[in-house]
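Here is how the chains run, residue by residue.
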Amino acid sequence: MDKKVGSLIGLSFYQQQMLRIAEGKAIQHTTNAWGALLFSLKHQGLSALMPQRDKE
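First, a word on scope: everything that follows refers to the structure included in this document. (Residues numbered from 1 in each chain as written. Predicted model: local features only at pLDDT ≥ 70, side-chain atom pairs only at ≥ 80, totals over all residues. Heavy atoms only, no water.)

Quick word on the pattern of salt bridges
Counted under the stated rule, the structure contains 1 salt bridge. Across the salt bridge formed by Glu 23 and Lys 25, the nearest N and O atoms sit 3.3 Å from each other. (Salt bridge = Lys/Arg side-chain N within 4 Å of Asp/Glu carboxyl O.)

Comments concerning the environment of Val 5
Looking at the element boundaries, Val 5 is found in helix α1 (residues 2-22). For the pair formed by Val 5 and Leu 37, sequence separation is 32 residues and the distance between their alpha carbons is 9.2 Å. (Helix = DSSP H or I, 4+ residues; strand = E, 2+ residues; numbered from the N terminus.)

Looking at the side chain of Ser 40
Summarising the element assignment, Ser 40 is placed in helix α2 (residues 34-44). Setting aside chain neighbours within four positions, we find Ser 40 in contact with Leu 8, Ser 12, Gly 45 and Ala 48. (Contact = heavy atoms within 4.5 Å.)

Observations concerning α2
Inspection of α2 places Ala 36, Leu 37, Phe 39 and Ser 40 among the buried residues, and these make up the whole buried set. Down the axis, α2 shows its buried residues gathered within 160° of arc, on one side only. Turned more than 90 degrees off the buried face of α2, the exposed positions are Trp 34, Leu 38 and Lys 42. Gly 45 sits one or two residues past α2 and shows a positive phi near 70°. (Buried < 20%, exposed > 50% of the residue type's maximum accessible area, 1.4 Å probe, protein only. Arc of directions from axis to C-beta.)

Right under this line is the structure:
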């Protein structure tokens, strides 16, 4: 489970920081994953928890 959620949180954090840069805000340095996870759920809803790619 950590492998699946870890990639979701990493991608969500990256998207969150890119949005902050686009808005002219400073990036946030954090080790807490809750912000990125909540950002993902806010913008994508429960579909954020679904796989984005087909398994090969």
